[in-house]
Amino acid sequence: MMPMQLSKTSAGPAAVILFFLGMAVIQLFSGYFAPSYAQQDRGAVRIGVLAFRGYQQAMNQWQPMAEYLNRNMPGFHFQIVPLNLQQVRKATAAQEIDFVLTNPGNYVLLESSYGASRIATLKRHWKGHEYSHFGAVIFSRRDNSSIQTLKDIKRHSLMVVNNHAFGGFQMAWRELKEAGIDPFKDLGELKFNGFPQDNIVHSVMKGDVDVGTVRTGILENMALNGKVNLDEVRVLGSRSVDEFQFLLSTRLYPEWPLAKLKHTPDSLASRVVVALLSAPQGAFSASAIDTVTWTIPLDYSNVHELMLELRIGPYLPDPSASLIKALQTYAHWIIIILAVLFGLSLLSIYVLRVNRRLVDTQHILQDEINERIDAQKKLNEQQHFLEQRVAERTASLAESNEVLTHSEETLRELNRIASMFPVPLEEKIRALIELGRKHFGFVSGSLYSRNSEGIKLLQQTGMNSQSNVLELPDGLALDEIDDLLQNDDVMMTERSFTPATDVAANDSGNRKSCVAVKVMVEGKPYGFLCLADDQGVSRNLGEVDRDILQLIADWLGMEIARKQVGDSEQKHLSDLAHVTRLSTMGEMASGLAHELNQPLTAIANYNRGCLRRIDQGNIERSELEAIMLQSVNEAERAAEIIRRMRAFVNKEDPHHELVNINDLIKRVSGFLASEMERESIGLKLSLADDPKLLTVDAIQIEQVMLNLLRNAIDAVKAPWQGPREIEIRSYNGEDGSVHVDVMDSGYGLPEGGQQQIFDPFYTTKDEGMGMGLSISRTIIEAHGGTMYTGGKEKYTLVGIAIPETTAN
Amino acid sequence: MQELEENDAIVFIVDDDASVRNSLRWLIESVQLQVQCFATAQEFLNGYRNQQTGCVVLDVRMPGLSGLDLQEELRQQGFVLPVIIITGHADVPMAVRAFKSGVFDFIEKPFNDQHLIDRIHQAIEKSRSQKVNIQRRQDARERLQKLSSREIQVLDCIVAGCSNKTMARELDISVKTIETHRANLMSKMQASSVSELVRIALLAERDS
C-alpha cells in the first residue's frame, strides 16, 4: 500500500522528467498483477481459468476438476488459477500457467499470439442432452411490438456484457453486422452490463433496456429457477439447429476449449486429456445443474472467421502502418515527443489504474473492516447476552435442583402411597392429602366435594382437623370455587389474604394463603383439594410444585373413582350373591326342612312324653323340669336355624368374623346330607386337625362351599352310573392359606372346561344359571384367595385357598 | 312262649341326633317299654343280641350306615326284628325301597305320638309271634332228629298219605311192625293225632 500512495502523489505533477521513474514504477509493480504465480513447486500444474463471473464462482466450478485430476494423476498437484481476460493473456505470455481454460474468442487470440493449442472441448449437459457448441440469443420483451426482427433494433437500446465478451457480445455483433447494424453507431444506446449475464435478462424484462443478448442456456436456466417466463420473451433472428434445443439467434460456435501452452510438455498434456476424456459423468460437477464433461477438441475455425469479420482479436488492424511516412519525416522530434508523451501517458494510465484499484481495494477493505467491527460489536452483545442467560439459567437451575430434590422425595412418597395394597381407600386418600400438605409445609389440607347440594368437607388433615371444621375453605368464595371447577383451562387457584376475623389486629403480616386444586373424577369436576397456611408466609409455587400438586390431585381423583367403582362392584356382587343364595335356598329346601324337623320332633316328643306321664300321675317335678329345659333348648335350636337361614338369604352387609373352616364344611354338608342320602352318595370328610382360623364373611364362604358341594352332588347323582363318592378335604397350605378341596367321582370336567367353568353362565347342567362358580370365585378373590381346579377323567377337584388374614 | 314277659321286649332307637334320640326315649318310656339308644347303625349291630324281641326305631338319614342299609343288613343276617323308619322327608322312591326291603313301617316327621306308639306295640307283637314260630320250628327239628331211619321212612309215607298196607308192601315189612313204628313216631314227635304229626313234620322241614 505504501508504494502505491507514494506513486499517486508523485504522479500528480506529471513531469516529463519522470518518464524513467514511471518506467521504474511499472517494473516495480509488474509483480503486483500476478502475485499468486510467484511460487513454483515441482509437480505443480496450474490451470488458468477465465473467471468471467468472479474468482469464487470459478473456483467453485472448477475445483472438482482439479481434485479429479489429482486423484487420477498421482504425483501432480493441479491448481485452479482464476483469471480475468487481461490476466489470462499476461499469465500465458509469462508462462505462469500450464493450461488455460477460456472462452473460444479468447482462445483464438491465445492460439495466434502465444501458440496455445486446444486439447479438449467442454461439453455441457442440459436435461439429458450434451452440448459441445453454444451460441447467443438476442431477445426483447414479447410485448414490445416495435421490435420484431434484428433490423428493428436500430435506434433502440441494446445491453451486452462488454465488448470483449464472446458469447455476451461478439456473437451477436457478428449477426447484427450481417443485418446491417453497427452496434457502435446505429443503436440508440449500447449498454455494457458486465457479468453476470442474468442481469441483462432482468433489465430487458423490466423494460430498462429494449434488447439484450446473452449466451445460450442462460434464459432456460433462469426459467428453470422461475426467474423469467420464456413466454414473455421474443427471440430476434431466431434460428433452429438440429439437436440444439436452446433459444438461438446466432451461429453455433464450439464450447470452451482446454488448451495447453507452448511450454507445457506434450506427455503431461496427453495424460490430462486421457484423464479428462475417461472421466465418468459428474466426476467434476460442482452441482447437478452444472454438469460438464470433456470431449475431443473441436474445430475453432468459425471463431477465427468471426474475429476476422469483426476485425477483432488477432485481426485487430495495426494502427501504426499509416504513420510510418510521417515518422520518417519528423523522426527525431516525433520520436522524442512520442517517447515522452507515451512514457507520460503510460505512467499516468498505470498510476491512475493502480490508484483506482487501490481506492477500490481500500473501499472494499474499509467495508470489510466496518463489517468486522459491526460483527465484533454484535458478537460482544451476543456474548454478554449469553453470559447473562447462562448466569440466569445457572441460578434457576440451582433453585430448580433444590426444588427437584424436595419434589423427588414427595414423588417417591406418592409412589409408595399409590402402591400400598391392600389399604382401605379412605386411608389412601388421607395419605395423599397429607402428602400434599407436608410437601408445601402448609398447616392444613382438606378435600372437598362440590355438587348441587353444596360443598362438603370429605377429609381433612393437619392442624384444623382437630379444631375448627370450616363450612367453606377459609378465604375462598363459593363463586371462585365454581369458576375453578367449571373452567376447563384452569386447574388451580391461589389466594393470599387477610382473614376477616383478623383484620383489626392485623398488621404483623398475619396473612393466610391457600391454594385450591381441582379434583377431576372420570373427567368431571368432583371437588377440590385445598391446602391452607396461616403462618403469614406468602409462598410462591414453582412450576414443579404446581405439577406435583396437580399430580396429587389427579391421583386423588383416580382413588375416588376407584372407590366409587369399588362401592358399586361390591353392591353388584352382593346383589348377585343374593340371587344365587335364593336359588340355592330353593335347592336346599328339603335339607332345611329336615334341619328344622329335628328340633320340632324333639320338642313334640318331650312334651307328649310329659303329657303321658302327667296323665299316669307318675312324674317327678325335677324330672319334668329337666325335660322342659331340654324342650326349650330344642326350640332355641330351631330358632337358630331359622335365623341362620334368614341371614343366608337376606342381603346383609359383609360381616367378617373369625371362623374355623371345618365348622363351615360341616354345616354345609349338613344342609345337603339328606339329598346325598337320597342319592346314595358317600361323603367323606378329611378335615385338618388344626386349620388356621380365618377372618372371613362366613355366610359368603358358606355359600361358596355350598356351591362346590352342590356341583359335586350334581356330578355324581342319577343318571350317573359310576361310583358316587364325594370327598371334602381341608388343610393348611404351604403358602399360609387354608385350602378346601371338593372332589367327586363324577364324569370329570369336559375338555377345555378347566378355566371355562369359572365363566359366568357356563354350565354343563340342564338346569341352573351357571353363575355358581363365577360368583364363588368373585367371593373368594374378594377375600384375597384363589380358586382352582384339578382332576382327570375319573374325578373332578375344585378347590379354594383363602389366605390367613391378619386381624385388622 | 306264652309265658314270655311283656317287659322282655326292647325298643332300639338308632339316631345320630342326640336330642331326637333322647326325646324318643322319653316318649316311649312313658308307655313302660324298655328302650336302648344307639347313635349309629353299626353300634346297634355290635350290641344286638339275636332272638331279643322288640323293634328298631331309626332315622333314615344318618352318617355311615343309613337306616335303609341297616334294615337290609338285619334281614341278611336273618334277624327278624321289625324296623320302623322315621323320616323327615319321605319321597316315593325311598318309601318303595323301604317297603321292598321288608320294613315294618315308614313314619313321617312330624308324627302323631300315639300312632308311633301303636306301631311300636304292633311291631313288638309281630316280633313276639315271629319268635314263637321260630321256637316251634326249632322244637320240631329237635324231635325229628330223634327218629330212626326206618321211622323217618314211615313218617314220609304218612305225610304222603299212604295206608299201612301200602307202606308194608313198599317197605317190605309186616303191617304189625309198621303200627309199632307209628306208635313210636307219635310218641317221639309228641303228636296226639296224625294231622298234628303232619303239621309238625312240615314245620320242621320248612326253611331247612
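Residues numbered from 1 in each chain as written. Chains lettered and ligands numbered in written order. Predicted model: local features only at pLDDT ≥ 70, side-chain atom pairs only at ≥ 80, totals over all residues. Heavy atoms only, no water.

When helices and strands are tallied, chain B shows nine helices and five strands. Beginning at the N terminus, the succession of helices and strands in chain B can be written as β-α-β-α-β-α-β-α-β-α-α-α-α-α. Burial status across chain B gives 46% buried among its 208 residues. Within chain B, counting contacts between residues at least 6 apart in sequence, those at least 24 apart form 64% of the total. Here chain B has roughly 10500 Å² of accessible surface; of this, 48% comes from carbon and sulfur atoms. (Helix = DSSP H or I, 4+ residues; strand = E, 2+ residues; numbered from the N terminus. Buried < 20%, exposed > 50% of the residue type's maximum accessible area, 1.4 Å probe, protein only. Contact = heavy atoms within 4.5 Å. Areas by Shrake-Rupley, 256 points an atom, 1.4 Å probe, with all protein chains shown as cover.)

Let's shift gears to the overall build of chain A. Secondary structure summary: chain A contains 21 helices and 26 strands in total. In chain A, which comprises 808 residues, the share counted as buried stands at 42%. A total accessible area of about 43300 Å² is found for chain A, and carbon and sulfur atoms account for 53% of it.

All right, on to the interface of chain B and chain A then. If you look at the interface, chain B gives 29 residues, while chain A gives 24 residues. Both sides of the chain B and chain A interface together cover about 2300 Å² of buried area, and 50% of this is carbon and sulfur. Inspection of the chain B/chain A interface yields three salt bridges. As a salt-bridge pair, Asp 113 of chain B and Arg 612 of chain A come within 3.1 Å of each other at their nearest N and O atoms. Summed over the shared surface of chain B and chain A, the result is 11 residue pairs in polar contact (both at pLDDT 80 or more). For the side of chain B that touches chain A, the secondary-structure elements that each account for two or more residues are helix H1 (18-29), helix H4 (92-100) and helix H5 (113-146) of chain B. The leading source of residues in the side of chain B that touches chain A is H1 of chain B, at eight residues. Here the residues of the side of chain B that touches chain A are counted per class, giving 11 nonpolar, nine polar and nine charged. (Buried area = accessible area lost by both parts, 1.4 Å probe. Salt bridge = Lys/Arg side-chain N within 4 Å of Asp/Glu carboxyl O. Polar contact = N/O pair within 3.5 Å; in protein donor to acceptor, adjacent residues only side chain to side chain. Nonpolar A, V, L, I, M, F, W, Y, C, P; charged D, E, K, R; others polar.)

To continue, consider the pairing of strand S10 (residues 211-215) of chain A. Residues and elements named next belong to chain A. Counting buried residues along S10, five of its five residues qualify, which places the element largely inside the surrounding structure. Residues Val 211, Thr 213 and Arg 215 point to one face of S10 and Gly 212 and Val 214 to the other, with burial holding for every one of them. Sheet analysis places strand S7 (residues 136-141) next to S10, joined by five bridges and oriented antiparallel. Opposite Val 137, over in S10, you have Val 214 as the bridge partner. Strand direction decides the pairing type here: strand S8 (residues 157-160) and S10, joined by two bridges, are parallel. The residue bridging Met 159 from the neighbouring strand is Gly 212, located in S10. (Pairing = 2+ DSSP bridges.)

With that out of the way, let us pick up a negative patch on the surface. A surface patch of like charges, here negative, comprises Asp 367, Glu 368, Glu 371 and Asp 374 of chain A. The residue Asp 367 of chain A is located in helix H12 (residues 331-418) in this model. (Patch = residues over 30% accessible without salt bridge, like charges linked within 9 Å, V, L, I, M, F, W, Y side chains within 5 Å. Lys, Arg positive; Asp, Glu negative; His and termini not counted. Charge placed at Lys NZ, Arg CZ, Asp CG, Glu CD.)

Now for the sheet that holds strand S23 (residues 725-732) of chain A. Residues and elements named next belong to chain A. With mixed pairing, five strands are arranged side by side in an open sheet as S21-S23-S24-S26-S25. The open sheet terminates on both sides in strands that have one partner only, identified here as strand S21 (682-686) and strand S25 (786-790). Mean inter-strand twist for the sheet, computed between neighbouring axes without regard to direction, equals 15°. Pairing geometry for strand S24 (residues 737-744) and strand S26 (residues 796-803), over eight bridges, is antiparallel. Counterpart to Val 742 in the pairing with S26 is Val 798. Its contacts with the sheet put helix H18 (residues 661-678) on S21, S23 and S24, and the angle it makes with S23 is roughly 175°. (Axes fitted to C-alpha atoms, helices over the stretch in contact; angles between N-to-C directions.)

Right, let's get into the packing of helix H3 (residues 55-72) of chain A against helix H9 (residues 266-277) of chain A. All names here are of chain A. Contact geometry of H3 with H9 gives a least axis separation of 10 Å together with a crossing angle of 110°. Our classification of the angle between H3 and H9 gives roughly perpendicular. Each of Met 65, Tyr 68 and Leu 69 in H3 lies in contact with H9, whose residues at this interface are Val 272, Ala 275 and Leu 276. When the residues that make up the contact of H3 with H9 are grouped by side-chain class, the tally is six nonpolar, no polar and no charged. (Parallel < 35°, antiparallel > 145°, perpendicular 65-115°, else oblique.)

Moving on, we get to the confidence of the model for chain A. All names here are of chain A. Put simply, chain A has an average pLDDT of 78, and 78% of its residues get 70 or more. For chain A, the element scoring lowest by mean pLDDT is helix H1 (residues 2-11), at 42; strand S3 (residues 99-101) scores highest, at 93. Confidence drops under a pLDDT of 50 for residues 465-471, and excluding neighbours within four residues, the segment shows eight contacts in the predicted structure. Contacts of residues 500-509 to residues separated by more than four positions or lying in other chains number four contacts, the stretch itself having pLDDT below 50. (pLDDT = per-residue confidence, 0-100.)

A complete count under the given rule lists 19 aromatic pairs over all chains for this structure. Between Tyr 448 of chain A and Phe 528 of chain A, the ring centres sit 4.9 Å apart and the planes meet at 15°, which makes this aromatic pair stacked. With Tyr 448 of chain A in strand S15 (residues 444-451) and Phe 528 of chain A in strand S19 (residues 524-533), the pair connects residues that are 80 residues apart, well separated along the chain. Residues Tyr 448 of chain A and Phe 528 of chain A agree in their burial class; the two are buried. By way of ring pairs, the aromatic residues Trp 126, Tyr 131, Phe 244 and Phe 246 of chain A are connected into one cluster. The residue whose ring lies beneath Arg 613 of chain A is Trp 26 of chain B, and the NZ or CZ to ring-centre distance is 3.5 Å. (Phe/Tyr/Trp six-rings, centres within 6.5 Å; stacked < 30°, edge-to-face > 60°. Lys NZ or Arg CZ within 6 Å of the ring centre and 35° of its normal.)

Further remarks concern helix H8 (residues 175-188) of chain B. An ideal rise of 1.5 Å per residue puts 20 Å on 14 residues; H8 of chain B measures up with 20 Å between its terminal C-alpha atoms. Buried positions along H8 of chain B lie against helix H6 (149-160), helix H7 (164-171) and helix H9 (194-205) of chain B. (Expected span 1.5 Å × (residues − 1).)

We now examine the side chain of Asp 198 of chain A. With respect to the helices and strands, the residue Asp 198 of chain A is situated in helix H7 (residues 198-206). Beyond its immediate chain neighbours, meaning those up to four positions away, Asp 198 of chain A contacts Ile 218, Met 222 and Lys 227 of chain A.

With that out of the way, let us pick up the nonpolar core. Counting residues in hydrophobic clusters, the biggest one holds 89 residues, and the most contacted among them are Ile 47, Leu 69, Ile 153, Val 272 and Trp 294 of chain A. Listed in part, the 34 residues of the second largest apolar core include Ala 712, Val 740, Val 742 and Val 798 of chain A. (Core = buried A, V, L, I, M, F, W, Y, C linked by side-chain atoms within 4.5 Å.)

Let us now look at the side chain of Asp 113 of chain B. Turning to its location among the elements, Asp 113 of chain B is positioned in helix H5. Not counting chain neighbours up to four residues away, the residues in contact with Asp 113 of chain B comprise Arg 608 and Arg 612 of chain A together with Leu 27 of chain B.

Below, the discussion takes up a nonpolar patch on the surface. Residue and element names in this part refer to chain A. Nonpolar side chains collect at one region of the surface, where Trp 333, Ile 337 and Leu 341 lie side by side and expose about 330 Å² of accessible area between them. One can find Trp 333 in helix H12. A residue is classified by how much of its surface remains accessible, and Trp 333, at 52% relative accessible area, is exposed.

Here we take up the packing of H5 of chain B against H9 of chain B. All names here are of chain B. Close contact between H5 and H9 brings their axes to 8 Å; oriented N to C, the two are set at 100°. Taken together, H5 and H9 sit at an angle that is classed as roughly perpendicular. Contact with H5, carried on its side by Arg 136, Arg 137, Ala 140, Arg 141, Arg 143 and Leu 144, involves Ile 200, Leu 203 and Ala 204 of H9 and no other residues of that element. Its residues assigned to classes, the contact of H5 with H9 comprises five nonpolar, no polar and four charged.

A word on unusual backbone geometry. In this structure, Gln 95 of chain A takes a positive phi of about 55° despite not being glycine. Mapped onto the elements of the fold, Gln 95 of chain A is located in the loop between helix H4 (85-93) and S3. The residue Gln 190 of chain B is not glycine, and still its phi comes out positive at about 55°. On the secondary structure map, Gln 190 of chain B appears in the loop between H8 and H9. By relative accessible area, which is 51% here, Gln 190 of chain B ends up exposed.

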